[in-house]
Amino acid sequence: MKIDKILVIGACGQIGTELVTALRSQYGEENVIAADINLPKPGTKNHLCLDVLDHEKIEAVVKEYGITQIYLLAAMLSANGEQNADAAWKLNVQSLLSVLKIAKEQKLDKVFWPSSIAVFGPGSPKYNCPQQTRIEPNTVYGISKRAGEYWCNYYFEKYGVDVRSIRFPGLISYTAPPGGGTTDYAVSIFHEALENQHYTCFLTEDNCLPMMYMPDAIRATLELMNVPKEKITIRTSYNLAGMSFAPCDIAAEIKKHIPEFKVAYEPDYRNAIANSWPASIKDEQARKDWEWKPKYDLKSMTDDMLQKLSEIKGMQLPVVEEVY
Ligand code: SER
């Protein structure tokens with residue numbers, strides 16, 4: 001029987017940190033190689049330092065370890081992308097082209113590459129944004145993801161590369177911090193609520209965005225990658241929905257646990273990026289093709305985030321009586 005050997009590129013990032021753990025429980029620690037440009041935490045096993053723009057090195061790693069699947073997670077997110085357009089385009093698109101080419105030449109079984117709600121633009125429907133609609137991204141990140149979606153489709157259609165993709169909403173997690181995204185406020189707000197009981201938000205209080213708790217995102221990735229090839233009808237990238245909320249909604253939810261928590265609003269350029277994205281997503285194709293269903297809503301995500309983060313920070317959450 002052929003052994004699945006997995007290479008995760010961008011393994012130290014927000015998704016990678018949790019995906020490597022999940023993949024290792026599915027495939028075994030020795031079969032999942034974690035690669036990142038950053039050094040891992042001391043004691044991390046099967047880790048390689050790898051620059052995703054180094055095509056020859058990726059190719060050599062694939063050959064040396066007999067890699068059969070690549071998860072390409074390295075990327076520059078929306079807010080940082082607007083400040084570093086050339087670097088964001090190069091990192092986000094060149095890395096994908098490199099991996100797709102290797103997948104074709106080395107006949108890899110599967111590739112996973114995340115896209116984003118950032119592919120949508122001001123012309124897309126604001127609410128319940130469907131899979132097929134007007135898609136005119138207006139950020140460097142969004143343009144790079146939309147181009148990437150078409151490259152995935154191209155490599156599938158032309159060369160049969162089994163590349164699968166999800167348009168992730170903003171991801172919320174407690175293990176590794178996100179970096180340089182517009183939706184990242186929804187992670188920082190938890191840290192600030194616990195440490196300072198105060199947060200200054202860079203979006204307006206009513207700027208609603210699609211979001212997802214990381215356990216749902218990891219499960220979605222594994223489910224999509226495990227589904228038989230014939231079930232996959234979208235070869236650009238699947239819409240995926242978890243929950244939708246605005247800064248005032250998450251602030252109110254956190255306040256139920258930390259009553260003295262206060263938020264100030266000082267919107268900056270990131271507010272315009274958020275304004276150009278849908279407030280909610282319709283994901284009927286993912287539900288149909290691989291029976292996708294999110295588990296977490298705003299309340300259950302907030303409860304879990306505060307619980308886990310306070311444990312990590314060695315803090316005691318105040319016990320708040322629920323009022324019915
Ligand atoms: N989380 C991303 C960002 O804010 C969107 O997918 O850039």
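We now turn to the structure provided with this report. The written sequence of each chain sets the order in which its residues are numbered from 1. A pLDDT threshold of at least 70 governs which residues receive local features in this predicted model, and a stricter bar of 80 or more applies before side-chain atom pairs are shown or counted, although totals over entire chains, interfaces and linings include all residues. Excluding hydrogens and water, the side-chain figures rest on all heavy atoms present in the structure.

## Examining the overall build of the protein
Think of it this way: any DSSP run of H or I at least four residues long counts as a helix, any run of E at least two long counts as a strand, and we number them from the N terminus. Regarding its fold elements, the protein presents 11 helices and 12 strands. For every residue, the accessible area obtained with a 1.4 Å probe (protein chains only) is divided by the maximum for its type, and the residue is called buried under 20%, exposed over 50%, and partly exposed between those limits. By the burial criterion, 53% of the 324 residues in the protein qualify as buried. Any two residues having at least one pair of non-hydrogen atoms within 4.5 Å are treated as being in contact. Sequence separation of at least 24 residues holds for 79% of the intrachain contacts in the protein that already meet a minimum separation of 6. Working definition of accessibility: Shrake-Rupley area with a 1.4 Å probe, residue cover restricted to the visible protein chains. Of the roughly 14,400 Å² that the protein leaves accessible, carbon and sulfur atoms contribute 51%.

## Details of the pattern of salt bridges
Criterion for a salt bridge: a side-chain nitrogen of Lys or Arg within 4 Å of a carboxyl oxygen of Asp or Glu. Scanning all chains against the criterion turns up 14 salt bridges. The partner of Arg-167 in a salt bridge is Glu-149, with the nearest N and O atoms 2.8 Å apart. Here the residue Arg-167 occupies a position in strand β6 (residues 163-168), and Glu-149 occupies one in helix α5 (residues 140-159), the gap between them amounting to 18 residues. A relative accessible area of 2% places Arg-167 in the buried class. The shortest N-O distance in the salt bridge between Asp-283 and Arg-287 comes to 2.7 Å. Asp-283 sits in the buried class, given a relative accessible area of 5%. Overlapping salt bridges bring together Arg-146, Glu-149 and Arg-167 as one network.

## Thoughts on the sheet that holds strand β4 (residues 69-72)
Spatially, β3-β2-β1-β4-β5-β6-β10 is the arrangement adopted by the 7 strands of the open sheet, whose pairing is parallel. On the outer flanks of this sheet lie β3 (47-49) and β10 (238-239), each paired with one strand and no other. Every angle, taken between N-to-C directions, lies between 0 and 180 degrees, and every axis is a line fitted to C-alpha atoms, over only the stretch in contact when it is a helix. Across the sheet, helix α7 (residues 214-226) is in contact with β4, β5 (110-116), β6 and β10; its angle to β6 comes to roughly 155°. When DSSP finds two or more bridges between two strands, those strands count as paired.

## Focus: the packing of helix α1 (residues 14-27) against α7
Viewed as axis vectors pointing N to C, α1 and α7 meet at an angle of 50°, and their least axial separation amounts to 10 Å. Between α1 and α7, the angle falls in the class oblique. Both α1 and α7 take part in a crossing whose hand is right-handed. Between α1 and α7, the residues in contact are Gln-14, Ile-15, Glu-18, Leu-19, Ala-22, Leu-23, Gln-26 and Tyr-27 and Met-214, Ile-218, Thr-221, Leu-222 and Asn-226, respectively. Here the contact of α1 with α7 is built from residues that sort into 8 nonpolar, 4 polar and 1 charged. Working rule for angles: under 35 degrees goes down as roughly parallel, over 145 as roughly antiparallel, 65 to 115 as roughly perpendicular, anything else as oblique. Left-handed describes a crossing whose near helix is turned anticlockwise from the far helix by less than a right angle; the clockwise case is right-handed. All amino acids are sorted into three groups, where Ala, Val, Leu, Ile, Met, Phe, Trp, Tyr, Cys and Pro are nonpolar, Asp, Glu, Lys and Arg are charged, and the leftover types, Gly among them, are polar.

## Comments concerning a nonpolar patch on the surface
Taken together, Trp-151, Tyr-154 and Tyr-159 make up a surface patch of nonpolar side chains, about 280 Å² in accessible area. If you trace the backbone, Tyr-159 turns up in helix α5. The exposure class of Tyr-159 is partly exposed, given its relative accessible area of 36%. The patch calculation keeps residues exceeding 30% relative accessible area without a salt bridge and links them within 9 Å when they carry like charges or within 5 Å when they are nonpolar (Val, Leu, Ile, Met, Phe, Trp, Tyr).

## So, the site of the ligand
Put simply, a residue is near a molecule or strand once any heavy atom of it comes within 4 Å of that molecule or strand. Close to the ligand lie Leu-77, Ser-78, Ser-116, Tyr-141, Phe-168, Gly-181, Thr-182, Thr-183 and Trp-277. Within 3.5 Å is the distance limit for a polar contact, defined as a pair of N or O atoms, with the added protein rule that one can donate a hydrogen and the other accept it, and that residues adjacent in sequence qualify only through two side-chain atoms. Ser-78 is positioned such that a nitrogen or oxygen atom in its side chain is 2.6 Å from an oxygen atom of the ligand.

## A look at the pairing of β5
Consecutive side chains along a regular strand alternate between the two faces of the sheet. Along β5, 7 of the 7 residues are buried, which leaves the element largely enclosed by surrounding structure. As paired strands, β4 and β5 are joined by 3 bridges and run parallel to one another. Bridge pairing links Ile-70 to Val-111 in β5. Inspection of the sheet shows β5 paired to β6 by 6 bridges, in the parallel sense. Opposite Val-111, over in β6, you have Val-163 as the bridge partner. The parallel pair β5 and β6 is bridged by α5, and the resulting crossover is right-handed. If the strands point away from the viewer and the path from the first strand over the helix to the second runs clockwise, then the crossover is right-handed.

## Digging into α7
Think of an α-helix as 3.6 residues a turn; residues three or four steps apart then line up on the same face. With 13 residues, α7 should cover 18 Å at 1.5 Å per step; its first-to-last C-alpha distance of 18 Å lies within 8% of that length. Of all the positions in α7, only Met-214, Asp-216, Ala-217, Ile-218, Ala-220, Thr-221, Leu-222, Leu-224 and Met-225 are classed as buried. Take the number of residues in a helix, subtract one, and multiply by 1.5 Å to get its expected span.

## Considering the sheet that holds strand β7 (residues 170-172)
Hydrogen bonds along the backbone pair up the strands of a sheet, which may run parallel or antiparallel. Ordered in space as β7-β9-β11, the 3 strands form an open sheet in which the pairing is mixed. Here the strands that pair on one side only, and so sit at the sheet edges, are β7 and β11 (243-245). On average, each strand axis in the sheet is tilted by 45° relative to the strand beside it, whichever way the strands run. The pairing of strand β9 (residues 209-213) with β11 spans 3 bridges and is antiparallel. Paired with Met-211 across the strands is Met-243, a residue of β11. Those strands touched by helix α6 (residues 185-196) are β7, β9 and β11, and its axis lies near 25° from that of β7. Relative to β11, helix α11 (residues 298-312) is tilted by about 85°, and along the sheet it contacts β7, β9 and β11.

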